[in-house]
Amino acid sequence: MSKIQDIYKVVSNEKLCPKFYRLCFDAPSIVKTAQPGQFIHIRVDQGLEPFFRRPFCVYRAKKYVEIFYEVVGLGTKILSEKKKGDDIDVVGPVGTPFSLPAKEVKTVVMIGGGIGVAPFLPFTDILKKRKLELILLYGGRTKDYVFNMKEFKSNGCKVHITTDDGSAGTKGRIDKLFSKIPIDSEKTFVYTCGPTPMMAAVQKFTQQHGLRGEGSCEEVMACALGACLGCSIKTTKGFKTVCYDGPVFDLDELIF
Ligand SMILES: Cc1cc2nc3c(=O)[nH]c(=O)nc-3n(C[C@H](O)[C@H](O)[C@H](O)COP(=O)(O)OP(=O)(O)OC[C@H]3O[C@@H](n4cnc5c(N)ncnc54)[C@H](O)[C@@H]3O)c2cc1C
Ligand code: FES
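Note that the coordinates shown come from a computational prediction; the quantities given were computed from them, not determined experimentally. (Residues numbered from 1 in each chain as written. Chains lettered and ligands numbered in written order. Predicted model: local features only at pLDDT ≥ 70, side-chain atom pairs only at ≥ 80, totals over all residues. Heavy atoms only, no water.)

Enquirer: Any chance you could explain the packing of aromatic side chains here in plain terms?
Expert: Where two aromatic rings form a pair, the distance of their centres and the angle of their planes describe that pair. In the structure shown here, the tally under the stated rule is 16 aromatic pairs. Look at F98 and F123: their rings are 5.0 Å apart centre to centre, the planes differ by 25 degrees, and that puts the pair in the stacked class. Of this pair, F98 sits in the loop between β7 (87–94) and β8 (107–113) while F123 sits in helix α3 (residues 120–127), placing them 25 residues apart in sequence. Arranged with centres 5.0 Å apart and planes meeting at 55 degrees, the rings of F178 and F205 form a pair that is tilted. In this pair, F178 sits in the loop between β11 (170–171) and β12 (188–193) while F205 sits in helix α5 (residues 196–208), placing the two residues 27 residues apart along the sequence. (Phe/Tyr/Trp six-rings, centres within 6.5 Å; stacked < 30°, edge-to-face > 60°. Helix = DSSP H or I, 4+ residues; strand = E, 2+ residues; numbered from the N terminus.)

Enquirer: Teacher, can you tell me more about the sheet that holds β7 here?
Expert: Sheet strands associate in pairs through backbone hydrogen bonding, adopting either a parallel or an antiparallel arrangement. The antiparallel open sheet is built from seven strands, whose spatial order is β4-β3-β7-β1-β2-β6-β5. Edge strands, defined here as strands with exactly one partner in the open sheet, are β4 (54–57) and β5 (60–61). Inspection of the sheet shows β5 paired to strand β6 (residues 65–70) by two bridges, in the antiparallel sense. Paired with A61 across the strands is V65, a residue of β6. (Pairing = 2+ DSSP bridges.)

Enquirer: When you look at the site of ligand 1 in this model, what are you seeing that I'm missing?
Expert: Every one of the 19 residues lining ligand 1 counts as a neighbour, but R54, P55, F68, G75 and T76 are closest to it. The separation between a nitrogen atom of ligand 1 and a polar main-chain atom of F68 is 2.8 Å. Separating a nitrogen atom of ligand 1 from a backbone N or O atom of E219 is a distance of 3.0 Å. Per-element tally for the shell around ligand 1: the top contributor is β4, with four residues. Here the residues of the shell around ligand 1 are counted per class, giving twelve nonpolar, three polar and four charged. (Near = heavy atom within 4 Å. Polar contact = N/O pair within 3.5 Å; in protein donor to acceptor, adjacent residues only side chain to side chain. Nonpolar A, V, L, I, M, F, W, Y, C, P; charged D, E, K, R; others polar.)

Enquirer: Looking at this structure, I do not really get unusual backbone geometry. What am I missing?
Expert: Negative phi values dominate among residues other than glycine, just as trans dominates among peptide bonds. Residue P93 is reached from G92 by a cis peptide bond, and omega for that bond is 5 degrees. The step from G246 to P247 runs through a cis peptide bond, and the omega angle for that step is 15 degrees. For P247, the position within the fold is in the loop between β15 (238–241) and β16 (248–250). The phi torsion at K131 lies on the positive side, around 55 degrees, for a residue other than glycine. Of note, K131 is situated in the loop between α3 and β9 (133–140). The backbone phi angle of L229 is positive, close to 65 degrees, even though this residue is not glycine. In this fold, L229 is placed in the loop between β13 (212–216) and β14 (232–235).

Enquirer: Looking at this model, I keep getting lost on the domain arrangement of the protein. Mind explaining?
Expert: Size of an interface: often given as the accessible area lost when the parts come together. Domains assigned within the protein are domain 1 (5–94) and domain 2 (107–216). For domain 1 and domain 2, the distance between their C-alpha centres works out to 24 Å. Here domain 1 packs against domain 2, burying approximately 1600 Å² in sum over the two surfaces, 65% of which is carbon and sulfur. By the criterion of area lost to domain 2, the three top residues of domain 1 are P36, Y59 and R60, representing 36% of everything that side buries. The interface formed by domain 1 and domain 2 contains three salt bridges. One salt bridge connects R22 with E151, and the closest N-O pair in it is separated by 3.0 Å. The interface formed by domain 1 and domain 2 holds three residue pairs in polar contact (both at pLDDT 80 or more) in total. Per-class residue counts for the side of domain 1 that touches domain 2 are ten nonpolar, one polar and five charged. (Domains from an automatic or database assignment. Buried area = accessible area lost by both parts, 1.4 Å probe. Salt bridge = Lys/Arg side-chain N within 4 Å of Asp/Glu carboxyl O.)

Enquirer: What exactly am I supposed to notice about the pattern of salt bridges here?
Expert: When the charged atoms of two side chains with opposite charge come close together, those side chains can pair. What the rule picks out here adds up to twelve salt bridges. A salt bridge links E66 to R22, with the nearest nitrogen and oxygen atoms 3.0 Å apart. Within this pair, whereas E66 is found in strand β6, its partner R22 is found in strand β2 (residues 20–26), the two being separated by 44 residues in sequence. Assessed through its relative accessible area of 14%, E66 is described here as buried. R22 gets classed as buried once you look at its relative accessible area, which sits at 11%. With a shortest N-O distance of 3.6 Å, D164 and R173 are connected by a salt bridge. Overall, D164 belongs to the partly exposed group, its relative accessible area being 33%. Because the salt bridges share partners, they merge into one network encompassing E14, R22, R60, E66, D125 and E151. (Buried < 20%, exposed > 50% of the residue type's maximum accessible area, 1.4 Å probe, protein only.)

Enquirer: Would you mind going over the pairing of β14 with me for this structure?
Expert: On β14, burial follows the alternation: I233 and T235 on one face are buried, whereas S232 and K234 on the facing-out side are not. Both β14 and β15 contribute to a ladder of four bridges, which runs antiparallel. Bridging from a neighbouring strand, T235 pairs with G238 of β15. The hairpin turn running from β14 into β15, its antiparallel successor, is two residues long.

Listed below in structure tokens is the structure:
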């Protein structure tokens, strides 16, 4: 039986664009079990600062496990300094993954804001085998948040990009791209992850057009095992923990 916590070796850690990094580590047991939408919980340093582990989506789980991350504070700064051969202390994979689209679905639309694009790459690795139309709508603040999306494209994804200032892709918020979503309640399924206002805009759109979807949420976490209730959010079905009941929820359940 594989352990839920273990120490792994960093294989590489590279900057993909001015704002985003990709860290790759050798964890065959996670590669074997991780499902798209699940996350891992990393102890970035053996000292007391930062005290809690930090959660990151599984960005890829092929030969190695990859995470795709932005430096926003101490934990991610320490992560960005990891080098090949360093040890990394990881719990996971944990959390509820994306559900696979029903068989009548022909088009899957993934809508990611900034680092919220992270859970979608492993999902396209699976979905491409089902010969679905795959559309990725990505919104970043500026061109510094836009990276080479060749792995999405090579999985057959049609990629559309917006930036707030128009420095890459279409100028404006991601809702400028909602016209790319085929309006068909049976054949289209939407998945989204990103900042709360963006997810709220996606939910409003899907509800207006009778589309179904799922949203992956973020909350500050302590245990990531459903024990401390620190990551609870209010949903239409009562309070739920993002780490255990989620991070993926039916989009209609989420209250923004
Ligand atoms: C299920 C899940 C999956 C995630 N996946 C990724 C991922 O794939 N890539 C990635 O870069 N980030 C991801 N995050 C967010 C990531 O965990 C935080 O950015 C990270 O913990 C920040 O740690 P820090 O010590 O660098 O920053 P801190 O010093 O802890 O905080 C810096 C700033 O970031 C904010 N912040 C901290 N934690 C979170 C959080 N969980 N959600 C939203 N804002 C936060 C703080 O409020 C503060 O403003 C995910 C979060 C969750 C809950
Ligand atoms: S972080 Fe403890 S219950 Fe989710």
